[in-house]
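# Structure assessment
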Amino acid sequence: MRCLKCKGTAQIELRQHHAAYCRDHFLDFVRSQVQRSIERLKMCDAADTVMVAVSGGKDSLSLWDLLHGLGYRTSGLHIQLGIGDYSRESREKTAAFAQERELPLTVVSVEEEYGASIPVLARAVRREPCSACGLSKRYIMNRAALEAGATVLATGHNLDDEVATLYGNVMHWQTGYLARQAPVLPATHPGLVKKVKPLHLLTEREMASYALLRGIDYIVEECPHAQGAKSLLYKDALNLVEAQSPGTKQQFYQGFLERLRPLLKDGDGAQLRECERCGQVTTGAVCSFCSLWDRARLVRQPVP
Ligand code: AMP
Ligand code: FES
Ligand code: ZN
Ligand code: ZN
């Protein structure tokens, strides 16, 4: 197998692109895909300060490496969820990455900042850890980016993540979620930070190869609560189809972005306002993050 660019020995074959590349040309391919997404969708430019949400996994660390390498002004945000060894190792890998490159990193510990780790919070409110975790991450990401004065928040969602989410949203006809599933969410209120997903067209396999070839030390284990998650089932199902018919995932996702999403109404028209407790943007009087903690405190400290 030969590299499409230099005819040297190829290291990776990308069947969905009918291409194969050597190490250097594969890294160029990933960089140019990211740069093209950023420019085409106006994700960020040289004037922006980009906060990269980094979990310590291959996608988000590679994203930080890519954005920094492409010359954008970046800082990192790591949310310490308090999920045992998994969280400890995530933090260590993230901190080591930032330190080696002398990049600024903000760490927000859910337990230190709000009083309980994600597993304790989830137990208190009798919710699945992943649902309490997702809500908390979204809240903390926006808040931390605002407080840091960042103009853009970037996450490491890759094509497989986006396609699995799309598949789940279509399976359950979650039209509200479908309307909000986008590679760029503009800041529609001064209290909201623009959110971008520069890796949305790169596959999980491409990102794992990128991290490996760049020598990025990332946490390989998945979160223990992700086991049995629907998103993993959807990924497996979609990979089965992709193996028989390369390019299906990309077609499904891009078809959605180009044909269906423009027809969906973004948001339910609800007025945005500030949460009475924390001042963050919400549609009700109290935001869902504060309500979650209210419920958790009621359970943990019963009123006599
Ligand atoms: P996930 O929701 O775990 O699939 O992660 C999606 C993206 O959210 C990752 O690529 C990161 O950009 C971000 N993210 C996930 N977990 C964390 C974390 N603990 N701290 C900061 N960012 C995170
Ligand atoms: Fe949030 Fe697993 S990463 S529950
Ligand atoms: Zn080559
Ligand atoms: Zn609030």
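The sections below set out a description of the structure shown in this document. What you see is a predicted model, and the numbers here were worked out from it, not measured in a lab.

## Examining the overall build of the protein
- Scanning the protein for helices and strands turns up twelve helices and ten strands.
- Its C-alpha atoms give the protein a radius of gyration of 20 Å, near enough to 19 Å, the size a compact globule of 304 residues would have.
- Along the three orthogonal principal directions, the C-alpha set of the protein runs to about 75 × 45 × 40 Å.
- A total of 304 residues make up the protein; the buried ones form 47% of that total.
- Across the protein, the fraction of contacts at a sequence separation of at least 24, relative to all contacts at a separation of at least 6, is 69%.
- A total of about 16,100 Å² of accessible surface is found on the protein, and carbon and sulfur atoms cover 51% of it.
- If you average the places of the 38 positive and of the 34 negative side-chain charges in the protein, the two averages end up 4 Å apart.

## What to know about the coordination of the zinc ion (ligand 3)
- Those protein atoms acting as donors to the zinc ion (ligand 3) are Cys3 (SG), Cys6 (SG), Cys22 (SG) and His25 (ND1), and they sit at 2.1 to 2.3 Å.
- Of note is the zinc ion (ligand 3), whose four donor atoms meet at the metal with angles of 99 to 115 degrees in an arrangement that counts as tetrahedral.
- Accessibility expressed as a relative area gives 13% for Cys22, which makes it buried.

## Some remarks on the site of ligand 1
- Lining the immediate surroundings of ligand 1 are 13 residues, of which Ala53, Val54, Leu77, Ile79 and Gly156 lie closest.
- The separation between a nitrogen atom of ligand 1 and a polar main-chain atom of Val54 is 3.4 Å.
- Within the backbone of Gly156, an N or O atom sits 2.9 Å from an oxygen atom of ligand 1.
- Partitioned by chemical class, the residues of the shell around ligand 1 number six nonpolar, six polar and one charged.

## Looking at empty space enclosed by the protein
- The final tally for this structure, using the stated rule, is one cavity of 30 Å³ or more.
- Within this model, the largest cavity holds a volume of roughly 30 Å³.
- Residue lining of the largest cavity: Gln16, Leu159, Thr203, Glu242, Gly247, Lys249 and Gln250, and that is the complete set.
- For the lining of the largest cavity, a count of residues per class yields one nonpolar, four polar and two charged.

## Thoughts on the environment of Ser37
- Locating Ser37 in the fold gives a position in helix H1 (residues 23–40).
- Given a relative accessible area of 3%, Ser37 falls into the buried group.
- Here Ser37 is in contact with Lys42, Met43, Pro198, His200 and Leu201, once residues within four sequence places are set aside.

## Things to note about the sheet that holds strand E4 (residues 73–80)
- An order of E5-E4-E3-E6-E8-E7 is seen for the six strands of this open sheet, with the pairing classed as mixed. Two strands lie at the open edges of the sheet, namely strand E5 (105–109) and strand E7 (184–185), each paired on one side alone.
- Where strand E3 (residues 49–53) meets E4, five bridges bridge the pair, whose relative direction is parallel. Its bridge partner being in E4, Val50 is matched across the sheet by Thr74.
- Strands E3, E4, E5 and strand E6 (152–154) of the sheet are contacted by helix H2 (residues 58–69), whose axis makes an angle of about 160 degrees with E3.
- Contacting E4 and E5, helix H3 (residues 84–101) runs over the sheet at an angle of about 165 degrees to E4.

## Quick word on the coordination of the zinc ion (ligand 4)
- Note on the zinc ion (ligand 4): its protein donors are Cys275 (SG), Cys278 (SG), Cys287 (SG) and Cys290 (SG). The metal-donor distances range over 2.2 to 2.4 Å.
- In this structure, the zinc ion (ligand 4) is coordinated by four donor atoms arranged in tetrahedral fashion, with angles at the metal of 104 to 117 degrees.
- Each donor residue of the zinc ion (ligand 4) belongs to the same chain, with the gaps between them written as C-x2-C-x8-C-x2-C. Here Cys287 and Cys290 have matching classes, each one buried.

## A few points about the packing of helix H7 (residues 159–171) against helix H10 (residues 230–244)
- Close contact between H7 and H10 brings their axes to 9 Å; oriented N to C, the two are set at 105 degrees. With respect to H10, the element H7 is oriented roughly perpendicular. Of H10, the residues touching H7 (which contributes Asp160, Asp161, Val163, Ala164, Tyr167, Gly168 and Met171) are Ser231, Tyr234, Lys235, Leu238 and Asn239.
- Counted by class, the contact of H7 with H10 contains six nonpolar, three polar and three charged residues.

## Some remarks on the packing of H7 against helix H11 (residues 248–260)
- Direction vectors running N to C along H7 and H11 enclose 65 degrees, while the axes themselves pass 10 Å from each other. In this structure, the crossing between H7 and H11 has a hand that is left-handed. When H7 is examined against H11, the residues Leu159, Asp160, Glu162, Val163, Leu166 and Tyr167 are found in contact with a partner set consisting of Lys249, Gln250, Phe252, Tyr253 and Phe256.
- When its residues are assigned to classes, the contact of H7 with H11 shows seven nonpolar, one polar and three charged.

## Quick notes on the layout of surface pockets
- For the second largest pocket, the calculated volume is near 320 Å³.
- If you tally residues by element for the lining of the second largest pocket, the top one is H10, at four residues.

Cut-offs and rules
Residues numbered from 1 in each chain as written. Chains lettered and ligands numbered in written order. Predicted model: local features only at pLDDT ≥ 70, side-chain atom pairs only at ≥ 80, totals over all residues. Heavy atoms only, no water. Helix = DSSP H or I, 4+ residues; strand = E, 2+ residues; numbered from the N terminus. Rg over C-alpha atoms; globule rule 2.2 N^0.38 Å. Buried < 20%, exposed > 50% of the residue type's maximum accessible area, 1.4 Å probe, protein only. Contact = heavy atoms within 4.5 Å. Areas by Shrake-Rupley, 256 points an atom, 1.4 Å probe, with all protein chains shown as cover. Lys, Arg positive; Asp, Glu negative; His and termini not counted. Charge placed at Lys NZ, Arg CZ, Asp CG, Glu CD. Donors = N, O, S within 2.8 Å, 3.2 Å for Na, K, Ca; no water. Tetrahedral: all angles 85-135°; square planar, octahedral: opposite > 155°, others 65-115°. Near = heavy atom within 4 Å. Polar contact = N/O pair within 3.5 Å; in protein donor to acceptor, adjacent residues only side chain to side chain. Nonpolar A, V, L, I, M, F, W, Y, C, P; charged D, E, K, R; others polar. 1 Å grid on protein atoms, 1.4 Å probe; cavity = no way out; pocket = protein on both sides within 12 Å on 5 of 7 lines; lining within 4 Å. Points joined across faces, edges and corners; volume = space filled by probe spheres on them. Pairing = 2+ DSSP bridges. Axes fitted to C-alpha atoms, helices over the stretch in contact; angles between N-to-C directions. Parallel < 35°, antiparallel > 145°, perpendicular 65-115°, else oblique. Left-handed = near helix turned anticlockwise from the far one by under 90°.

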